[in-house]
Every structure is written in C-alpha cells, then in structure tokens.
Amino acid sequence: MIAPRYGMHKDDLRTTLDNDEYRQERDRSGMFRLVQSFPDQCREALQIAKSYDPGPRATAVRSVLVTGLGGSAIGGDMLRAVAAPHSDVPILVNRDYSLPAFAGPDTLVIAVSYSGNTEETLAAYDVARQRRARMVCITSGGELLRCAEADHVPAVRVPGGQPPRASTGYLFFPMLSVLERSGVLDRSLQGDAQETVDLMQELAEAYGPRTGFDENEAKQIAASLFGSVPVIYGTQDYAGVAALRWKTQINENAKAHAFAGTFPEINHNEILAWEECRRQARRWTVVFLRDANEESDAPRMARRVAVTRRLIGRKAAQVEVRSRGASLMARLFSLVYLGDFASCYLALLYGVDPTVIRGIDRLKAELARLKQS
Ligand code: F6R
C-alpha cells in the first residue's frame, strides 16, 4: 500500500488507517505499542515514584522550578497545570541552559532529562548546584544520573530505552511524588492519579488501532489534519498545555508543522491572523481542546470560543475535542492522550515512522562534535 496523498477521498484515508499491515510497515520502531501501553507505564511509574526519599528538610520550599527540554519539559508543564491549584508556591518550567535569578536555596529544582544527556539540562543542573538549590533529578541514566550520584543529589531512576516523548508517565508521576513529599501540595493527588490511569486504560482501547475509523476519534482527527496546517487551541490553562503537547507530538511523530495557542490570549493577537491566512497556506485545520463542562464551569470562555469559531468561519476546517474524566489530572491526560494517538495516525498518513527523529539526533551529534573541537 502506498502512502496517501492530499486530495485522496476520505474513504481511502479510512482504509489506510484501518489497515494493520500498512501500520506495521510504517511504524517499524513500535511507537504505537508504546502509546498503547501508556497506562501500564503510568502504573509502573506510580510504583517507582514511591521510592523517592526527600531526605531531611533543611529549608521550606518557596518556589519550584522544573528544568528540561522537549519531551521531558512537557511533563513539567503538565505538573504545573495540575499542581498549581494545590500549591501556594509558584511552579515554573525552565527550558534553557541557565536558571532565572530567583532560583536559590529555597527553590526546589527538578532537573528532568529522560536520556540524562541533554546539554541544556546538564548546564542548568550545574547552575542549580552553584546556587545551592534543593535538587532532585528524574532520569533513566546518562550524565545526569552520574552527576547526581557523584554530588549526592537525590535521583529517581526510571526505565530507559524508549523515546522521551513516549515516557511522559515515567517522568510526570515521580515529579508529582516529589512535590507531594516536599510539602508543596495541600493534598495528595494519588486519588486523581488512579482515576487518570483507569481512564487512560479505557482510552487506550478507544483510540487504539483495533478500533475502526468510524468509532475512533484519534483516526478521524488525523484524517482532518492531513494535508493542512494544524493549529491547536486549548480553551483553558490546562488545555493550553495539552495543545502544546499536540503541537510537539505532531512535529516529532508526523514530522509536520503545527502551531499551538491558548485562550483567552489568542483572542488578543492570533485571531487577526485568520483574516488573510489563505495567503500563507491554503488549508488550515483548527482543533479546539475544550473542557467537557466548559459551558457551565467557564461560561465566559465558552462565549469566547463561540465568537472565535464564527470569526474563523470557513477559512479553516474546525474540529472540537472535549476532555474526559473528573479530576483536572484526568482531564489533562485525556486531551494529551488523544493527541498522542492522533499524531501517530497522522505519521501513517504522511508515510513516516513516528519514532524516527533524524533531525534531532543529527543536531545533537553535531553539537557534541563542535563541543569537542
Ligand atoms: C524525543 C523527544 C525530545 C527530547 C529532547 C530532550 O523523543 O521527545 O523532545 O525529549 O530532545 O531529551 P531528553 O528528554 O532526553 O532530555
């Protein structure tokens, strides 16, 4: 079977996405298996998280800074979204070589790098050490683990050998446990974690390859995104985090451009870009990631979304997705998980292996070579 082309009839896209042989041929490195087994990963991560020992508490934590990049950093964004309503100290995510000036002895710095070899995270780790910050590392190994062991910095070690972006469970749940045990949260979120894992288990089947196109929201979304520029809007803070995750998953899995934004901010700038969007590209698809109870819980937001949808009108195809679950954590993960699957199906439509990230690998190798010369 050949890779689909834009302009193909929806029936052909349906046939492609329901074809198991075609999927296995493209998904040579097994991304679908990893995405499908995400609930197991979360369960394992919850067990691993219990091993974290915060040690004696020297100073009270006055701020939390998660430092990391890419698939490791997004776990920090998810943590911030879920933990902020339960914390009276700020929780921020840092994606750089250095740390903001406020980071000091009363900052809890969580250095997270799945591989343990990301140079920006290693540099930020050094800065945190110099500033005498309270520190924890989350990693599967590499240089970060080596440094943590040498410096007696507590580290949570998670299983390695898979792409960082497919390891969000391994990275998120230990970080959550670190916050709980450091006294940053006003209550335990373990009940929410359990609800989240149970919901993921249900969705793994609903969005998985065995569920046919007509019943499978993830496959249908991939077909809508195919051949167009995806713009993902989250209609509340947590949904904005999910939108960013969709964007990066489409970038890395489908090797395609995508853009992400959050309401209400996009109403103050990006809304104008729709006026002449067709001068930039002919086909656009907007995905609105919305809370299931938005109309009753956030009516002002719901009104904004309705007006925005009217303003965009027929300039872009519009797709709406609603969160599932009760807790904030479950709702966030439900949106993220749908995007993870949809980006993998989009990779199939573009005929690429979702796992392979040649560009990132080459960039990292080139930077390492330049560092040595
Ligand atoms: C690859 C991926 C990347 C990495 C990033 C940082 O799957 O998601 O975005 O996460 O290059 O690498 P780590 O996570 O190993 O620090």
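Everything here concerns the structure above.
Residues numbered from 1 in each chain as written. Predicted model: local features only at pLDDT ≥ 70, side-chain atom pairs only at ≥ 80, totals over all residues. Heavy atoms only, no water.

Engineer: Could you clarify how one ought to interpret the sheet that holds strand β1 (residues 63–67) in this entry?
Structural biologist: Sheet strands associate in pairs through backbone hydrogen bonding, adopting either a parallel or an antiparallel arrangement. In space, the five strands of this open sheet follow the order β2-β1-β3-β4-β5, with parallel pairing throughout. The two strands at the open ends of the sheet, each matched to only one other strand, are β2 (91–94) and β5 (155–157). Each adjacent strand pair in this sheet contributes to an overall mean axis angle of 15°, direction not counted. One ladder, built from six bridges, connects strand β3 (residues 107–113) with strand β4 (residues 134–139); its direction is parallel. Bridge pairing in β4 places L108 opposite R134. On the sheet, helix α5 (residues 70–83) packs against β1, β2 and β3 and is oriented at approximately 165° with respect to β2. (Pairing = 2+ DSSP bridges. Helix = DSSP H or I, 4+ residues; strand = E, 2+ residues; numbered from the N terminus. Axes fitted to C-alpha atoms, helices over the stretch in contact; angles between N-to-C directions. Contact = heavy atoms within 4.5 Å.)

Engineer: Please explain empty space enclosed by the protein as it appears in this structure.
Structural biologist: Gaps between atoms show up when a probe of the same size as a water molecule is rolled over them. Under the criterion given, the structure shown has two cavities of 30 Å³ or more. Approximately 70 Å³ is the volume found for the largest cavity. Residue lining of the largest cavity: 13 residues in total, with V35, R165, A166, R245 and D340 positioned closest to the centre. Elements that contribute at least two residues to the lining of the largest cavity include exactly α3 (31–36), α11 (237–254) and α15 (328–350). Classifying every residue of the lining of the largest cavity gives six nonpolar, four polar and three charged. Roughly 30 Å³ of internal volume is contained in the second largest cavity. Looking at the second largest cavity, the residues that line it are G70, G71, I74, R165, R245, T248, Q249 and E252. Elements with a minimum of two residues in the lining of the second largest cavity: α5 and α11. For the lining of the second largest cavity, the element with the highest residue contribution is α11, accounting for four residues. Of the residues in the lining of the second largest cavity, the class split is one nonpolar, four polar and three charged. (1 Å grid on protein atoms, 1.4 Å probe; cavity = no way out; pocket = protein on both sides within 12 Å on 5 of 7 lines; lining within 4 Å. Points joined across faces, edges and corners; volume = space filled by probe spheres on them. Nonpolar A, V, L, I, M, F, W, Y, C, P; charged D, E, K, R; others polar.)

Engineer: How should I be thinking about the side chain of D192 in this particular structure?
Structural biologist: Mapped onto the secondary structure, D192 falls in helix α9 (residues 190–207). Among all residues touching D192, those that are not within four sequence positions of it are R187, S327 and M329.

Engineer: I'm lost on helix α7 (residues 142–151) in this one. Help?
Structural biologist: Every buried residue belonging to α7 is among L144, L145, C147 and A148, and all of these are buried. End-on, the buried residues of α7 take up no more than an arc of 160°, which puts them together on one face. For α7, exposure combined with an orientation more than 90 degrees from the buried face picks out E149 and A150. Buried residues along α7 sit against β3, α6 (119–130), β4 and β5. Two residues or fewer past α7, H152 is found with a positive phi of approximately 55°. (Buried < 20%, exposed > 50% of the residue type's maximum accessible area, 1.4 Å probe, protein only. Arc of directions from axis to C-beta.)

Engineer: It is not clear to me how the packing of aromatic side chains should be interpreted in this structure. Could you clarify?
Structural biologist: The description of an aromatic ring pair uses the distance of the two centres, along with the angle that the planes make with each other. For the structure on display, the rule yields 14 aromatic pairs. On the numbers, 5.0 Å between centres and 75° between planes, the contact of F172 with F333 is edge-to-face. A residue pair is termed long-range when its members are at least 10 positions apart, and F172 in helix α8 (residues 168–181) and F333 in helix α15 qualify at 161 residues. When sorted by exposure, F172 lands in the same class as F333, which is buried. Linked through ring pairs, F32, F38, F172, F173, Y207, F333, Y337, F341 and Y345 together constitute an aromatic cluster. Directly above the ring of F32 sits R23, whose terminal nitrogen or CZ lies 5.5 Å from the centroid. (Phe/Tyr/Trp six-rings, centres within 6.5 Å; stacked < 30°, edge-to-face > 60°. Lys NZ or Arg CZ within 6 Å of the ring centre and 35° of its normal.)

Engineer: What's the story with the pattern of salt bridges in this structure? I'm lost.
Structural biologist: Pairing between side chains becomes possible if they bear opposite charge and their charged atoms approach one another. Inspection of the entire model under this criterion finds 24 salt bridges. A salt bridge links R95 to D77; the shortest N-O distance between them is 2.5 Å. In this pair, R95 is assigned in the loop between β2 and β3 and D77 in helix α5, connecting sequence segments 18 residues apart. Among the salt bridges present, the one from E295 reaches R290, with a minimum N-O distance of 3.6 Å. Judged by its relative accessible area of 42%, E295 falls in the partly exposed class. With relative accessibility at 5%, the residue R290 sits in the buried group. Salt bridges sharing partners connect three or more residues here, namely R290, E294, E295, R309, E320 and R322. (Salt bridge = Lys/Arg side-chain N within 4 Å of Asp/Glu carboxyl O.)

Engineer: How do you make sense of the layout of surface pockets when you look at a structure like this?
Structural biologist: Of the volumes computed, that of the largest pocket is approximately 720 Å³. What lines the largest pocket is a set of 28 residues, among which T118, E119, E120, I360 and K364 lie closest to the centre. Only α5, β3, α6 and α16 (358–372) provide two or more residues apiece to the lining of the largest pocket. Among the elements that take part in the lining of the largest pocket, α16 stands out by supplying eight residues, more than any other. A class-by-class count of the residues in the lining of the largest pocket yields eleven nonpolar, ten polar and seven charged. Volume-wise, the second largest pocket comes out at about 160 Å³. The wall of the second largest pocket is formed by G70, I74, R95, L244, K247, T248, N251 and E252.

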